[in-house]
Amino acid sequence: FESHKEFKDWFSNPLTGMIEGEHAVDQAVIERLHAILRPFLLRRLKKDVEKSLQDKVEHVVPCPLSKRQRELYEDFMASSATRSTLGSGSMLGIMNVLMQLRKVCNHPDLF
């Protein structure tokens, strides 16, 4: 590509429209982007590189929200801004709401 603008015109604008639901998903654009980026990506799993590692074991430990976390969570979900964002159907807006809820659960002092 000759410039950042040219790359952006080819990929960023169409992909943003697809993510936000403004345009239909164009598989050709996605495949073209993958073909261009594939030589620059190195993706390997630890188990493919280091054979002596044991298999990963995942333990799910459910724990309820504290009183403060629950209040923050409910206040955030009850706010009109959150409701309008969720009602808009914008994928980026919904992802932002999910990140805020994650912050409430994981780090309420930083929320």
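Keep in mind the model is a prediction, meaning the values are calculated, not measured.

Asker: So what exactly am I meant to see when it comes to the overall build of the protein chain here?
Answerer: Broken down by element type, the protein chain carries six helices and zero strands. Helices and strands appear in the protein chain in the N-to-C order α-α-α-α-α-α. Residue pairs in contact within the protein chain that sit at least 24 positions apart in sequence constitute 41% of those at least 6 positions apart. In the form shown here, the protein chain has an accessible surface area of approximately 9600 Å², with 57% of it arising from carbon and sulfur atoms.

Asker: Is there a simple way to explain the packing of helix α4 (residues 67-78) against helix α5 (residues 80-88) in this structure?
Answerer: For any two helices packed against each other, the geometry is given by the interaxial angle and the distance between the axes. The N-to-C vectors of α4 and α5 enclose an angle of 60°; their axes lie 5 Å apart at closest approach. Between α4 and α5, the angle is such that the two are oblique. Here F76, M77 and A78 of α4 lie close against α5, whose contacting residues are S80, T82, R83 and L86. Class assignment for the residues of the contact of α4 with α5 results in four nonpolar, two polar and one charged.

Asker: Would you take a moment to explain the state of the cysteines for this structure?
Answerer: Disulfides are covalent bonds that link the sulfur atoms of two cysteine residues. Evaluation of the coordinates by the stated rule reveals zero disulfides. No disulfide involves C63; its nearest neighbouring cysteine sulfur is the one of C105, lying 8.8 Å away. Overall, C63 belongs to the exposed group, its relative accessible area being 64%.

Asker: What exactly am I supposed to notice about the pattern of salt bridges here?
Answerer: Once the charged atoms of two side chains with opposite charge are near each other, the side chains can pair. Here the structure, examined in full by the defined rule, presents one salt bridge. One salt bridge connects D109 with R68, and the closest N-O pair in it is separated by 2.9 Å. Taken together, the residues D109 in the segment after α6 (91-106) and R68 in helix α4 connect sequence positions 41 residues apart.

Asker: Is there a simple way to explain the packing of α5 against α6 in this structure?
Answerer: Taken N-terminus to C-terminus, the directions of α5 and α6 make an angle of 140°; their axes are 7 Å apart at the nearest point. Taken together, the axes of α5 and α6 are oblique relative to one another. Every pair of crossing elements has a handedness; the one defined by α5 and α6 is left-handed. Together, T82, T85 and L86 of α5 and G93, I94 and V97 of α6 make up the contact between the two elements. Residue classes in the contact of α5 with α6 are distributed as three nonpolar, three polar and no charged.

Asker: Explanation requested: α6 in the structure shown.
Answerer: Since the α-helix turns once every 3.6 residues, residues separated by three or four places project in the same direction. For α6, spanning 16 residues, the distance from its first C-alpha to its last is 22 Å, which sits close to the expected 22 Å at 1.5 Å a residue. Residues of α6 that are buried: G93, V97, L101 and V104. Seen from one end, α6 has its buried residues packed into an arc of 80°, which puts them on one side. Contacts from the buried residues of α6 go to α4 and α5.

Basis of the calculations
- Residues numbered from 1 in each chain as written.
- Predicted model: local features only at pLDDT ≥ 70, side-chain atom pairs only at ≥ 80, totals over all residues.
- Heavy atoms only, no water.
- Helix = DSSP H or I, 4+ residues; strand = E, 2+ residues; numbered from the N terminus.
- Contact = heavy atoms within 4.5 Å.
- Areas by Shrake-Rupley, 256 points an atom, 1.4 Å probe, with all protein chains shown as cover.
- Axes fitted to C-alpha atoms, helices over the stretch in contact; angles between N-to-C directions.
- Parallel < 35°, antiparallel > 145°, perpendicular 65-115°, else oblique.
- Nonpolar A, V, L, I, M, F, W, Y, C, P; charged D, E, K, R; others polar.
- Disulfide = S-S within 2.5 Å.
- Buried < 20%, exposed > 50% of the residue type's maximum accessible area, 1.4 Å probe, protein only.
- Salt bridge = Lys/Arg side-chain N within 4 Å of Asp/Glu carboxyl O.
- Left-handed = near helix turned anticlockwise from the far one by under 90°.
- Expected span 1.5 Å × (residues − 1).
- Arc of directions from axis to C-beta.

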